[in-house]
Amino acid sequence: TGDFTLTGKGAARVVIVGGGIAGLAVAYELGKAGYDCTVLEARDRTGGRNFTVRGGDTNLDLSGNRQTARFSDGQYLNAGPARIPQWMVTMDYCRELGIPVEVFTNVNASAYIYNEKAGMTAPVRYRTAKADVYGYVSELLAKATDTGALDAELSAEDRERLLEFLKGFGDIGGTLRYEGSERRGYRVDPAASGTPGVELGAVPSASEVFASGVGRYFSFEFGYDQAMLMFQPVGGMDRIPAALTRAIGAHRIRTGAAVQRITDTAHGVSVTYTEHGRVRTLDADYCVAALPPNILARTAHNLGADVQTALEACKPSSAGKIGLEYRSRWWESDHRIYGGITETDLDLAHVWYPSYGHHGRRGLIVGYYNTGAQADAYARLTPREREARAVAQGVKIHGEKYRTELASSFSHHWRQTPYLEASWHSLSGGPDAPVFDPLNKPAGRVYFAGDHLSYADAWQHGAFTSARKVVTALHARVLT
Ligand code: PHE
């Protein structure tokens, strides 16, 4: 699939409500095809949920928490999207817009797993957990094969091949028993002659391994959306809205413009918005409503009861992150972790180590990335309390440097963010369920775009592909 381009020129005026990825992509693609576009963005920056927090950035949430990031130069938190699978069209936009990308490390054998509720008192490395789980699963399957439990399923030849596979998969050798493996890692690493290394001791029993629940995280990377390799723009995810904004032309984008009413008239669209307290009206031939459905549901419009019902059926979700800047990269020097994710059953859920700036002086860890009730619980705390909670939990996994090396933090919650009030949306039955029909076609001269109207909600790919679908339909209509 090559770059997307509309064929032929159109000259209509289009007003785009919402300067997130969907709205910017609509303006960008229509602009390439000759349209006269204006983007109305309620906030003082474009990008929507694509928000990269750097030193000096300030934020006021709906609970009244005001924060100013004190991150040092070069350190950033991607508070929204932070990883891009290779297959998503987001990669095509990075290429087309000249945005350099680098590998985002989504899984790391050296990162930890920590299941406190299962009674773990110390974290285990992914590599160790994998060796044990794969080892025992292989041993058990080999036993079942050898005792004839699979004879109805498998021919003698199949059974031989399965055993051959299990020997390698579980490192269970000639005995077909798992007795530990060098894959678990070393207490003393192999080095020069005389130093063969000392393997990690005390191999847990199969029962202990299954009780620890470590295996539940392995399938994450099997997912189509989460498999390595993954990528990120060099310097922060907001390189994408920044490049789109440049390509569209800053003069076509009005920030601080909060839309109050969308009126479809027989021959055009009239959009009323406030800008610095003044009420203004913009008339155009078409409108693309690329704002969150939960926000549009509270905006005056004459687009019909079915549209309103569909908007209200898009249920907002919660997610939050905290960026913890450290004075040293102790996770690299002391723990030998260079990027990747530690998985836990704590309410911080995931800890992300930075995939950039390795061996630099400072570094920034995502101290929690959680969703649903866990995100709501952290959102109810003050930023200071969130930091204290995240650090207290993180110390259990990483030790005291998690507290003592901390320089500053910044936390962000999407459900509490003005003009968004959602991390993403859940559409019961998917975007093609009948109740959402009114959003998948124009209401008069008003079109709808956003990642919620895609099969990749909570991904920029969803916003980009929804935008492409809408501009294709609008352009076809203009040309006939
Ligand atoms: N795209 C987001 C992420 O990768 C949210 C998401 C998580 C979407 C998991 C689908 C699956 O974190």
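An unreviewed UniProt entry lists the chain under the name Flavin monoamine oxidase family protein, with Streptomyces scopuliridis as the source organism.

### Comments concerning the overall build of the chain
Along the backbone of the chain there are 13 helices and 27 strands. With respect to the principal axes defined by its C-alpha atoms, the chain has extents near 80 × 60 × 40 Å. Out of the 480 residues in the chain, the part that is buried amounts to 44%. Intrachain contacts of the chain at a sequence separation of at least 6 include 69% that bridge at least 24 residues.

### A word on the site of the ligand
Every residue lining the ligand is accounted for by R83, D225, A458 and W459. Tallied by class, residues from the shell around the ligand come to 2 nonpolar, no polar and 2 charged.

### Observations regarding the environment of G236
Relative to the helices and strands, G236 resides in the loop between β13 (230–233) and α6 (239–248). Take G236: there are 20 C-beta atoms within 10 Å of it, and that puts it in the buried class. For the pair G236 and R49, spaced 187 residues apart in the sequence, the C-alpha separation amounts to 13 Å. The contacts of G236, once residues within four sequence positions are left out, are T52, Y76 and N78.

### Regarding unusual backbone geometry
Outside of glycine, negative phi angles account for most residues, and trans bonds account for most peptide bonds. Of note, the bond from M228 into L229 is cis; its omega dihedral lies within 30 degrees of zero at -5°. Among the secondary structure elements, L229 is positioned in the loop between α5 (206–212) and β13. Positive phi, close to 60°, is recorded for L176, a residue that is not glycine. Residue position: L176 is located in the loop between α4 (156–170) and β11 (186–188).

### Observations regarding the sheet that holds β13
Strand order in the open sheet formed by 3 strands is β7-β13-β8, and the pairing between neighbours is antiparallel. Either end of the sheet is taken by a strand with one partner, and the two such strands are β7 (84–85) and β8 (101–104). With 4 bridges joining them, β8 and β13 adopt antiparallel strand pairing. Residue pairing in the sheet places E102 in a bridge with Q232 of β13.

### A closer look at the nonpolar core
Judged by nonpolar contacts, the single largest core of 63 residues is most densely connected at V17, V26, C287, V288 and A289. A per-element tally of this core places helix α1 (residues 21–32) first, with 8 residues. Among all residues touching V26, those that are not within four sequence positions of it are I16, V288, A290, A449, A467, V470 and V471. A111, V209, L420 and W459 belong to the second-largest nonpolar core, a separate cluster that totals 57 residues.

### What to know about the sheet that holds strand β18 (residues 286–289)
Read from one edge of the open sheet, 5 strands run β14-β2-β1-β18-β27, paired in parallel fashion. Since the sheet does not close on itself, it has two edges, and those belong to β14 (253–255) and β27 (446–448), each with one partner. Taking the axes of each pair of neighbouring strands and ignoring which way they run, one obtains an average angle of 20° across the sheet. The pairing of β18 with β27 spans 3 bridges and is classified as parallel. Residue pairing for β27: A289 is matched across the bridge by F448. Relative to strand β2 (residues 36–41), α1 is tilted by about 165°, and along the sheet it contacts β1 (13–17), β2 and β18.

How each quantity is defined
Residues numbered from 1 in each chain as written. Predicted model: local features only at pLDDT ≥ 70, side-chain atom pairs only at ≥ 80, totals over all residues. Helix = DSSP H or I, 4+ residues; strand = E, 2+ residues; numbered from the N terminus. Buried ≥ 20, exposed ≤ 12 C-beta atoms within 10 Å, placed from the backbone. Contact = placed C-beta atoms within 7 Å. Near = placed C-beta within 6 Å. Nonpolar A, V, L, I, M, F, W, Y, C, P; charged D, E, K, R; others polar. Pairing = 2+ DSSP bridges. Core = buried A, V, L, I, M, F, W, Y, C linked by C-beta atoms within 7 Å. Axes fitted to C-alpha atoms, helices over the stretch in contact; angles between N-to-C directions.

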